[in-house]
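# Geometric and topological summary
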Amino acid sequence: MQQTNKLRPFFENLEFEREDNHMVINFGPQHPSAHGQLRLILELDGEQIVRAVPDIGYLHRGMEKMAENMIYNEFLPTTDRMDYIAATSNNYGFALAVERLLGIEDKVPRRAKVIRTMLLEINRIISHLFWLATHALDVGAMSVFLYCFREREFAMDLMEDYCGARLTHSAVRIGGVPLDLPDGWLGALAKFVNELPSNIKDYEDLLTENRIWRMRLEGVGVIDADLARSWGCTGPILRATGIEYDIRKEEPYELYDELEFDIPVTNTGDSYGRYKLYMEEMRQSARILQQLIAMYDETEPELMAHVPQYISAPKEDIMTQNYSLMQHFVLVTQGMRPPVGEVYVPTESPKGELGFYINSQGEPYPYRLKVRAPSFWHCGILQDILPGSYIADVVTIIGNTNIVFGEIDR
Amino acid sequence: MMRPYTPKDNVQKKAYYTDRFWVAPRIPEEPVPEGSDYAEDVAAVKKACKVLNAYIQRGQLVIYVNSEDNVTALKALKEERGYDMLSELSAVDFLAERGGFEVFYQLLNLNAARRLRVKCFVEENHAVESVNPLYRSADWAEREMWDLMGVKVNNHPYLKRLIMPDDWEGHPLRKTYPLEGDEFAQWYEVDKIFGKEARDIIGPENRDPGRIDRYDTERFARLGHEVPRGAPAEMVDKAEETPISYQEEEGVFLIQKLSAENSKVLDKRR
């Protein structure tokens, strides 16, 4: 037994000097291709992986603990830091969970819903572009990285014009959105959305039939339907196994039941199939955004739900009416008090099912908040899919599962 | 003077004022409608084990079972009712009120797009049986539950801390664990790198590498109030304001003042 408290590497259940020819190597936690702070302990037989033990927790910030010590509105900016690639998806997932806890889901004004759905889809595109860029870079395609980041930059400009932030947006509030769209924003969005499909085609021209890309991705990291179901895989990983399950379609929230879009599915289960899904999902997001632009003009200019018990009145009321000001004061200093009960609310984040379980005991602080982050399970499955593959494919598989450590460790 | 009473069994933040007459409303727990799919789910669990309570809250079915029946209940739901995905599993700390944890299993039926939650109550120092043979996703979720809440899981293949370091003491998500960490947590790095005996030498003020001393002239430049590096703390307050100018008159050619009329402002990117 080694001394654990003397900063020497400590591997439980691992023997380094063995009779067989297996080698144990340590991958990460500081590895550029680990997409965050992932440490993998790999046992190799030649170049083949025999055993893989993912080790996480290097980015643990105790968000669930923090949530128990914050009022609901206070916690919302913290959710940005979970999946920081698509921050609005987390904001929205949390806001929706609290709205369902309060029972005010259907009181959110329609304009707020349109804006929220737009932001969600822009974030999906941002996230998918980021995934493609870094994944292609991992596999060796440098130029795709540059092209994708160019496009992502334009999408982030849209987010910046809307809420002022590029990465941690906090662009959604419990009960609506804080701001209306700025002037000319819809035009910029329309331009971006119209150009996106041709850009996606450029990436596909570079990659889809690329010999190296196909060799590196086809048949690598295969996850079959049973394994995906059993491991709780969601999002593109689940849909690449032939199971057509998208929460936007199956359990629609926001405006997704009014919008026309398709859910791409493939049954290859490998990295290449997932790559194809991501490309098609970006196209579908562009299609959704085009419909939303048309929907925006028909809505009334109201942005926050009118529920004075839980949500502060509009600024005009606060400045003119005494009672609104009093309520606002109480809501800011003490926070809203949701009814006693619990909810579990799933949403389809770019990476899969992002769920928030909130247990409220009628206090302004959540009694327990549990985040069901998709990457957590997509990282756990590595211990089952890595054995049998080769050391050169590790980076492909990690990159392809689209894990982000902000939400794994939370 | 008496110290104000602070409960030790729940050290999380409390509302600083609650009206005496405040009664928190409850989300209604609706009965399961006859003949619905949820009623069949409850019937399937009832056939396999004892159901303590079943109700619908905010559109999702909640089934309460005894903690020793968790595997039986989930097995019935998986094999007979098609709940083939365990999307979440964790515990809620009710040690102060009821002396135990509520463990919940959030299930999903992919074909019918139906979700339900199986819950059971586990007393402190009791263990639940692992559902890992039914759902692989329980592997990490149970490890996390053990790590952060301290709920033991029987027959787990590799029950080891997942998020916190292996040699951690305590379970951070318990209500008795303060937000800023207990003594062990606060001294963890110092103990590990220098040993416990170094605590007195280092002292609580240098324990945290992220701590900022506003009079530290070694590590921080004080913008607009510059003093020589390493100057004593008294000097910092007395230091006069040192105005910053970015362009010297007759200065270097390339560093020029911005003139609005000669510069072009792009109204759009690209």
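Note: the structure precedes this text.
Below or above, wherever it landed, is the structure these notes cover. Quick caveat: nothing in here was measured; it's all calculated off a predicted structure.

With 71 residues of chain A at the contact, the number on the chain B side is 66 residues. Between chain A and chain B the total buried area reaches about 5,900 Å² when both faces are included, carbon and sulfur atoms providing 53% of it. The largest contributions to the chain A side of the interface with chain B come from K65(A), E342(A) and Y367(A), which together make up 12% of the buried area. For the pair chain A and chain B, the number of links is 10 salt bridges. E353(A) is paired through a salt bridge with R115(B); the nearest N and O atoms lie 3.0 Å apart. At the junction of chain A with chain B, the criterion picks out 29 residue pairs in polar contact (both at pLDDT 80 or more). Of the residues assigned to the side of chain A that touches chain B, the class counts are 29 nonpolar, 18 polar and 24 charged.

Turning our eyes to something else, we now look at the packing of helix α1 (residues 37-48) of chain B against helix α2 (residues 70-81) of chain B. Two packed helices can be described by the angle between their axes and the distance between those axes. Residues and elements named next belong to chain B. One can describe the packing of α1 onto α2 by two numbers: an axis separation of 9 Å at closest approach and a directional angle of 130°. Overall, the two elements α1 and α2 adopt an arrangement that is oblique. Seen from above, α1 lies across α2 with right-handed handedness. When α1 is examined against α2, the residues D37, E40, D41, A44, V45, K47 and A48 are found in contact with a partner set consisting of T72, A73, A76, L77, E80 and R81. A breakdown of the residues in the contact of α1 with α2 according to their chemical character gives 6 nonpolar, 1 polar and 6 charged.

This brings us to a nonpolar patch on the surface. All names here are of chain A. Together, L137, M142 and L146 line one region of the surface with nonpolar side chains, adding up to about 280 Å² of accessible area. Checked against the element boundaries, L137 lands in helix α4 (residues 110-139). Since its relative accessible area comes to 33%, L137 is described here as partly exposed.

The subject of this paragraph is the nonpolar core. Core analysis: the largest hydrophobic core is formed by 174 residues, its most contacted members being L38(A), F94(A), M118(A), L189(A) and Y105(B). Residue contributions to this core peak at 15 residues, all from α4(A). Setting aside residues up to four positions removed in sequence, F94(A) forms contacts with Y72(A), F75(A), L76(A), T79(A), I174(A), F356(A), I358(A) and L369(A). With 6 residues, the next largest nonpolar core counts Y344(A), Y357(A), F94(B) and F104(B) among its residues.

Residue and element names in this part refer to chain A. An order of β1-β2-β3 is seen for the 3 strands of this open sheet, with the pairing classed as antiparallel. Strands with a single pairing partner mark the edges of an open sheet, and in this sheet they are β1 (23-27) and β3 (48-55). Each adjacent strand pair in this sheet contributes to an overall mean axis angle of 20°, direction not counted. Where strand β2 (residues 39-45) lies against β3, 7 bridges are found, and the strand directions are antiparallel. The partner of R39 across the bridge, within β3, is D55.

On to the layout of surface pockets. Residue and element names in this part refer to chain A. In this model, the second largest pocket occupies a volume close to 670 Å³. If you go around the second largest pocket, you meet 26 residues; those closest to its centre are R173, M304, I311, S312 and A313. Listed by contribution, the elements that provide at least two residues to the lining of the second largest pocket are α2 (72-79), α12 (315-320) and α13 (322-333). Its residues assigned to classes, the lining of the second largest pocket shows 18 nonpolar, 5 polar and 3 charged.

What follows deals with the packing of helix α3 (residues 87-102) of chain A against α4(A). All names here are of chain A. In the contact formed by α3 and α4, the axes pass within 8 Å of each other and the chain directions differ by 140°. Relative to α4, the element α3 lies oblique. α3 and α4 meet at a crossing whose hand is left-handed. Contact with α3, carried on its side by A87, T88, S89, Y92, A95 and E99, involves R116, L119, L120 and N123 of α4 and no other residues of that element. Partitioned by chemical class, the residues of the contact of α3 with α4 number 5 nonpolar, 3 polar and 2 charged.

Residues and elements named next belong to chain B. Along the chain, V190 turns up in helix α6 (residues 188-193). Each C-alpha atom of the pair V190 and H156 lies 33 Å from the other, and the pair is 34 residues apart in sequence. Once residues within four sequence positions are removed from consideration, V190 is found in contact with G195, A198, R199, I202 and R207.

This paragraph deals with the sheet that holds strand β1 (residues 51-57) of chain B. Residue and element names in this part refer to chain B. Read across the sheet, 5 strands follow the order β1-β2-β5-β4-β3 without closing on themselves; strand pairing throughout is mixed. Of all the strands in the sheet, the pair left with one neighbour each is β1 and β3 (85-94). On average, each strand axis in the sheet is tilted by 20° relative to the strand beside it, whichever way the strands run. Sheet analysis places strand β4 (residues 100-109) next to strand β5 (residues 114-123), joined by 10 bridges and oriented antiparallel. When the bridges of β5 are listed, Q106 appears paired with R117. On top of the sheet, α1 reaches β1, β2 (60-65) and β5; it is set at about 15° to β2, its chief contact.

Conventions used here
Residues numbered from 1 in each chain as written. Chains lettered and ligands numbered in written order. Predicted model: local features only at pLDDT ≥ 70, side-chain atom pairs only at ≥ 80, totals over all residues. Heavy atoms only, no water. Contact = heavy atoms within 4.5 Å. Buried area = accessible area lost by both parts, 1.4 Å probe. Salt bridge = Lys/Arg side-chain N within 4 Å of Asp/Glu carboxyl O. Polar contact = N/O pair within 3.5 Å; in protein donor to acceptor, adjacent residues only side chain to side chain. Nonpolar A, V, L, I, M, F, W, Y, C, P; charged D, E, K, R; others polar. Axes fitted to C-alpha atoms, helices over the stretch in contact; angles between N-to-C directions. Helix = DSSP H or I, 4+ residues; strand = E, 2+ residues; numbered from the N terminus. Parallel < 35°, antiparallel > 145°, perpendicular 65-115°, else oblique. Left-handed = near helix turned anticlockwise from the far one by under 90°. Patch = residues over 30% accessible without salt bridge, like charges linked within 9 Å, V, L, I, M, F, W, Y side chains within 5 Å. Areas by Shrake-Rupley, 256 points an atom, 1.4 Å probe, with all protein chains shown as cover. Buried < 20%, exposed > 50% of the residue type's maximum accessible area, 1.4 Å probe, protein only. Core = buried A, V, L, I, M, F, W, Y, C linked by side-chain atoms within 4.5 Å. Pairing = 2+ DSSP bridges. 1 Å grid on protein atoms, 1.4 Å probe; cavity = no way out; pocket = protein on both sides within 12 Å on 5 of 7 lines; lining within 4 Å. Points joined across faces, edges and corners; volume = space filled by probe spheres on them.

Worth remembering: the numbers are spatial, not functional.
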